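What follows is each chain in one-letter form.
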Amino acid sequence: MAAKVFSFSKKATHSIGIELGSHTLKMVETRVSGGKVQLLQYGIVEIPSALQGKASRDAASIAPLIKELLARCSSSSADIYFSVSGPSVNLQRIKLPPMPDQEMLAAIRWQGKKYFPFPLDEAQVVYKKITGISAETPDLDLITAAVLNKFMDQELSLLEQAGYSAAGIDAVPFSLQYAFQLTGDRYRDKTVAVLDIGAEGTTIAILKAGELQFAREIATGGNDFTRALMEPVAVEGKQFALSVEEAEAIKKKYGIPMGGGQEVTPAGLPLSRIMFIIRPVLERLSTEALRSFDVYKAQGREKRVDTIL
């Protein structure tokens, strides 16, 4: 089942994209007309709190949520694509000596033993040649994606139990690439890092001339900021111990309060204190992002990342 759909997806004229996240399910329906993309519908639903962040999925609870999301779409005939991420998905940039295309997958599986964190004989593997690289050697430069069969079958099963089937599956970095390509020519000659900060982790995709060159997942996400805000803190003799709901609400309303002055939340917590509380998490995220940029520059002999989105 998995082998039929895991690929670098082709863009469809009328399509639905869905992401089965660890805390929320997201959907977007688009149509391409006259070279432009029209947004038709979008939606987001939360997974029940008791099931959030779980490695295994409760199909009886999640399949109805998928059905609810997709019922909002304007058409039932659109192609459905969904993205996958997490510890069961991994992307690596691999160099191989010149060889016929029919030998490449076997070579990747052999070489991949030293790159991937899980056995490739238990995974689906696809690859794409990286274009636009200065050819100092005849070696092949590949961006390679692998996803564990067990995980992919689990995600496909959720969609099927909701009454739908997938036209294609992609790793999140390639979904970010397709979305980025809709920005037009503004970044045509730039090297751009796209950061997708999810609940459990952050995906970094580095693109040059709109093509994916490097991808990495960082184990720091939105929940780390929430947990930091839940730590008990005393301010001018007053004790604050936020619940997860209160911490989430503050995070969403105030974000990263740069400075903050004398402004306080309705409960009296100064915004300057919020920045102090979340700063270690923010520094951890930025340090890992910068480390990713350094690895990318070393791999591709690039000098800089021009823009971060």
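Look up a bit, the structure's there.
Cut-off values and rules
Residues numbered from 1 in each chain as written. Predicted model: local features only at pLDDT ≥ 70, side-chain atom pairs only at ≥ 80, totals over all residues. Heavy atoms only, no water. Pairing = 2+ DSSP bridges. Helix = DSSP H or I, 4+ residues; strand = E, 2+ residues; numbered from the N terminus. Contact = heavy atoms within 4.5 Å. Axes fitted to C-alpha atoms, helices over the stretch in contact; angles between N-to-C directions. Polar contact = N/O pair within 3.5 Å; in protein donor to acceptor, adjacent residues only side chain to side chain. Patch = residues over 30% accessible without salt bridge, like charges linked within 9 Å, V, L, I, M, F, W, Y side chains within 5 Å. Areas by Shrake-Rupley, 256 points an atom, 1.4 Å probe, with all protein chains shown as cover. Salt bridge = Lys/Arg side-chain N within 4 Å of Asp/Glu carboxyl O. Phe/Tyr/Trp six-rings, centres within 6.5 Å; stacked < 30°, edge-to-face > 60°. Buried < 20%, exposed > 50% of the residue type's maximum accessible area, 1.4 Å probe, protein only.

In spatial order, the strands read S11-S10-S9-S14; together these 4 strands make up an open sheet with mixed pairing. Strands at the two margins of the open sheet, each flanked by one partner only, are strand S11 (211–218) and strand S14 (307–308). Pairing geometry for strand S9 (residues 191–197) and strand S10 (residues 202–208), over 7 bridges, is antiparallel. Directly across from Leu 195, in S10, lies its bridge partner Ile 204. Where helix H7 (residues 271–300) meets the sheet, its contacts fall on S9, S10, S11 and S14, and the angle it forms with S11 comes to roughly 140 degrees.

Examined against the element boundaries, Arg 57 turns out to sit in the loop between strand S3 (36–46) and helix H1 (59–70). Not counting residues within four places of it along the chain, the set of residues in contact with Arg 57 comprises Leu 20, Gly 21, Ile 47, Ile 62, Gln 154, Glu 155 and Leu 158. For Arg 57, the side chain forms a polar contact with the main-chain oxygen of Leu 20, separated by 2.6 Å. A polar atom in the side chain of Arg 57 sits 3.2 Å from the side chain of Glu 155.

Let us now look at a nonpolar patch on the surface. The grouping of Val 28, Leu 39 and Tyr 42 at the surface amounts to a nonpolar patch, some 320 Å² of accessible area in total. Position of Val 28 among the secondary structure elements: in strand S2 (residues 24–33).

The final tally for this structure, using the stated rule, is 3 aromatic pairs. With a centroid separation of 5.7 Å and an interplanar angle of 35 degrees, the aromatic rings of Phe 180 and Tyr 187 are classed as tilted. Neither residue differs from the other here; Phe 180 and Tyr 187 are each classed as buried. The interplanar angle of 55 degrees and the centroid separation of 6.3 Å between the aromatic rings of Phe 214 and Tyr 296 together place this pair among those described as tilted. Here Phe 214, found in strand S11, pairs with Tyr 296, found in helix H7; they are 82 residues apart in sequence, far enough to count as distant.

It is worth spelling out the pattern of salt bridges at this point. Across all of its chains, the model carries 15 salt bridges by this definition. Put simply, Arg 304 and Asp 306 hold a salt bridge, and the shortest N to O gap is 2.7 Å. A residue is classified by how much of its surface remains accessible, and Asp 306, at 27% relative accessible area, is partly exposed. Here the salt bridges share partners, and the residues they tie into one network are Arg 93, Lys 95 and Asp 141.

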